[in-house]
Amino acid sequence: MTTPGPPLWLLAELTYRCPLHCVFCYNPVDFSAHEQELNTEGWLRVLREARELGAVQCGFSGGEPMLRADLEILVAEAHRLGYYTNLLTSGVGLNEQRAGMLRAAGLDHIQLSLQDSTREMNDFLSHTRTFDLKQRVARLIKDHGWPMVLNVVMHRLNIDHIGRIIEMADQLGAEYVELANSQYYSWAQLNREHLLPTREQLARAEAVTNEWRQRLGERMKLFFVVPDYYESRPKKCMNGWGNVFLTVTPDGTALPCHTARMLPGLEFPNVRDMGVREIWYDSEGFNRYRGTGWMKEPCRSCPEKEKDLGGCRCQAYMLAGDPAMADPVCDKSPQHQVVSDAVLQAQQSTPTSRPLVFRTPEESRRLLARP
Amino acid sequence: MERTGSPRLNPLFRMQWEQAQQSWVLLYPEGMVKLNQSAAEILRRCDGERDVAAIVADLEQAFATGGLAGDVNAFLEIAGAQRWVVWK
Ligand code: SF4
Ligand code: SF4
């Protein structure tokens, strides 16, 4: 195998603590078992070592990164090291004072997540009363001169409001809006039957988005991402395993992608025990699914294997029971039926009678205790 | 199409030299573009002071060559469409 290039992205998941309880949250369902957070010194070292390797984009996320009292210290150091610094936040805790401190620390950009265009749906989906707060925070971001990316996770329960969501984003002055359909991992996987939209909903949402693109021109960029369940080829997950992204979780575990910890039979290194260079180039966790050498059929002999690298390892594990299989989104996968069945089920008017599961520490512990 | 006026780097973008990649890059929210050498040389001169003619003259002098106006204009058009530069 050829030597991989350096990581370009460091994703620092500072904490799993979060005041919101989103039903599509991408944090692992067992997050309550990994609450031992790295301290300030630990993060500063990660920032330095990853920058030395060549990482240039740095994302601070969580959970809710604003809950870390040392966020400004970390941002300042990242800025000093020459990273482009991104803060991914629900907005909770971002007041005038902290915005000023983050600006002074050199923060380059804030991505604010929105749940929906209506107060009822926002508050229901996040299980909190945060709708008015998001509006306030959006204004704060603009007033401090940051570029603003709004991130709205789309799904069955909010996708019909997409026009209103875009209109609201425009009023708030966003530069970019990501309307990305939920991906079915972690909490979203538990709630998939509630979240996977119908084919018709998707077609309508895309049409509305295109109308808005015409109207907005250059003022605001819209990114619309359909759920990969509706595709016949998988996405090139994380742009290749251990290729671009280095994720460090709150407890210091280093991962090629934030959901990779679920994969069986694979040890991931911790930054408390190993330097970032060794983690990236030498660890078993980062090397296992690099390139194409690990593939089984049908991927191994597939002419498209360099294009999508067999899709997502986590999805292969969740849906086909083996991370080295083709991602079942691919219609050449022997397990593709699992995906087409889920899509078929989604066309019904009430696909499930099970209750929605909200992302809370209590639920997480309950799920952990389950045999 | 030729534009008059002075282009400058859009303040939403940041340009810097990356040692690990041995190249100039443009950084923006959650993304990055790697610039080839000529793109980088043009963009570095987009300071909102120099107009296109001055940028061309400067480049021709720095690289001891002539006839760069066509290339510079073509690049600036792309850069404008990508919103890398804005015009004063
Ligand atoms: S998705 Fe929601 S619950 Fe999960 S970390 Fe983000 S804001 Fe918190
Ligand atoms: S068989 Fe594998 S490599 Fe080929 S398109 Fe499907 S997922 Fe990609």
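Definitions and limits used
- Here the residue numbering is sequential within each chain, running from 1 through the sequence in written order.
- As they are written, the chains are lettered A onward and the ligands numbered 1 onward, keeping that order.
- Residue-level local features of this predicted model are given only where pLDDT is at least 70; pairs of side-chain atoms are given and counted only at 80 or more, and the full residue set underlies all totals for whole chains, interfaces and linings.
- In computing side-chain values, all of the structure's heavy atoms are included and hydrogens and water are not.
- Two strands qualify as a pair provided that DSSP identifies no fewer than 2 bridges between them.
- Put simply, DSSP marks the helices as runs of H or I at least four residues long and the strands as runs of E at least two long, and each gets a number from the N terminus on.
- A contact between two residues is defined here by any heavy atoms of the two lying within 4.5 Å.
- Think of each axis as a best-fit line through the C-alpha atoms, taken over the contacting stretch in the case of a helix, with angles from 0 to 180 degrees between the N-to-C directions.
- When a residue's accessible area, from a 1.4 Å probe over protein chains only, is under 20% of the maximum for its type it is buried; when over 50% it is exposed; and in between it is partly exposed.
- Pairs of N or O atoms within 3.5 Å make up the polar contacts considered here, provided that, within protein, one atom can donate a hydrogen while the other can accept it, and that residues adjacent in sequence are counted only when both atoms are side-chain atoms.
- Joining two parts hides part of their accessible area as seen by a 1.4 Å probe, and the buried area is that hidden amount summed over both.
- In what follows, salt bridge is the name for a side-chain nitrogen of Lys or Arg lying within 4 Å of a carboxyl oxygen of Asp or Glu.
- In these notes, residues near a molecule or strand are those with any non-hydrogen atom within 4 Å of it.
- Each residue is assigned to one of three groups, with Ala, Val, Leu, Ile, Met, Phe, Trp, Tyr, Cys and Pro labelled nonpolar, Asp, Glu, Lys and Arg labelled charged, and all others, Gly among them, labelled polar.
- Throughout, the term roughly parallel applies to angles under 35 degrees, roughly antiparallel to angles over 145, roughly perpendicular to angles from 65 to 115, and oblique to all others.
- Crossing handedness: left-handed means the near helix sits turned counterclockwise from the far one by under a right angle, and right-handed means the same turn made clockwise.

Q: Would you mind going over the sheet that holds strand β7 (residues 221-225) of chain A with me for this structure?
A: Residue and element names in this part refer to chain A. Reading across from one edge, β7-β6-β5-β4-β3-β2-β1-β8-β9 is the order of the nine strands in this open sheet, with mixed pairing throughout. Looking at strand neighbours, the two that pair on one side only are β7 and β9 (254-255), the edges of this open sheet. Bridge count for strand β1 (residues 9-13) against strand β8 (residues 245-248) is four bridges, and the pairing is parallel. Paired with A12 across the two strands is V248, which belongs to β8. Across the sheet, helix α2 (residues 71-81) lies against β2 (57-61) and β3 (84-89), angled at about 175° from β2, the strand it touches most. Most of the contacts of helix α9 (residues 199-216) go to β7, to which it runs at about 165°, and overall it touches β6 (176-181) and β7.

Q: Quick question: what am I supposed to make of helix α6 (residues 162-172) of chain A here?
A: It helps to recall that an α-helix has 3.6 residues per turn; residues three or four apart then point in one direction. Of the residues making up α6(A), those classed as buried are A:I162, A:G163, A:I165, A:I166, A:M168, A:A169 and A:L172. At its buried positions, α6(A) is contacted by β4 (109-114), α5 (131-143), β5 (148-154), β6, α9 and β7 of chain A.

Q: Please clarify how the side chain of A:R68 should be interpreted in this entry.
A: Residue and element names in this part refer to chain A. Looking at the secondary structure, you find R68 in the loop between β2 and α2. Note on R68: relative accessible area 6%, which makes it buried. A distance of 2.8 Å separates the side chain of R68 from the backbone oxygen of L38, its partner in a polar contact.

Q: Would you take a moment to explain the interface of chain B and chain A for this structure?
A: Many descriptions give the size of an interface as the accessible area lost when the pieces come together. With 15 residues of chain B at the contact, the number on the chain A side is 22 residues. When the two sides are added together, the surface that chain B and chain A hide from each other amounts to roughly 1600 Å², 52% of it contributed by carbon and sulfur. Taken together, the connections running from chain B to chain A amount to two salt bridges. Secondary structure elements with two or more residues in the side of chain B that touches chain A: β2 (14-18), β3 (23-28) and β4 (31-35) of chain B. Looking at the side of chain B that touches chain A element by element, the count peaks at three residues for β2(B).

Q: Explain the site of ligand 1 to me, please; I cannot follow it from the model alone.
A: Near ligand 1 the following residues occur: A:C18, A:L20, A:H21, A:C22, A:C25, A:N27, A:G63, A:S90 and A:R359. Per-class residue counts for the shell around ligand 1 are four nonpolar, four polar and one charged.

Q: Help me out: how do you make sense of the packing of α2(A) against helix α3 (residues 96-105) of chain A in this one?
A: A pair of packed helices is captured by two measures, namely the crossing angle of their axes and the spacing between those axes. All names here are of chain A. For the pair α2 and α3, the least separation of the axes is 8 Å and the interaxial angle reads 20°. Relative to α3, the element α2 is oriented roughly parallel. In terms of crossing hand, the pair formed by α2 and α3 is right-handed. Across from L71, E72, V75, A76 and H79 in α2, the residues of α3 making contact are R98, M101, L102 and A105.

Q: Quick question: what am I supposed to make of the pattern of salt bridges here?
A: When charged atoms on two side chains of opposite charge get close, those side chains can pair. Residue and element names in this part refer to chain A. The final tally for this structure, using the stated rule, is 29 salt bridges over all chains. The residue R204 makes a salt bridge to E200 at a minimum N-O spacing of 3.8 Å. You can see R204 and its partner E200 sitting in helix α9, four residues apart, about one turn around the helix. Looking at R204, the relative accessible area reads 44%, which means it is partly exposed. Between D322 and K296 there is a salt bridge, with the nearest N and O atoms lying 2.5 Å from each other.

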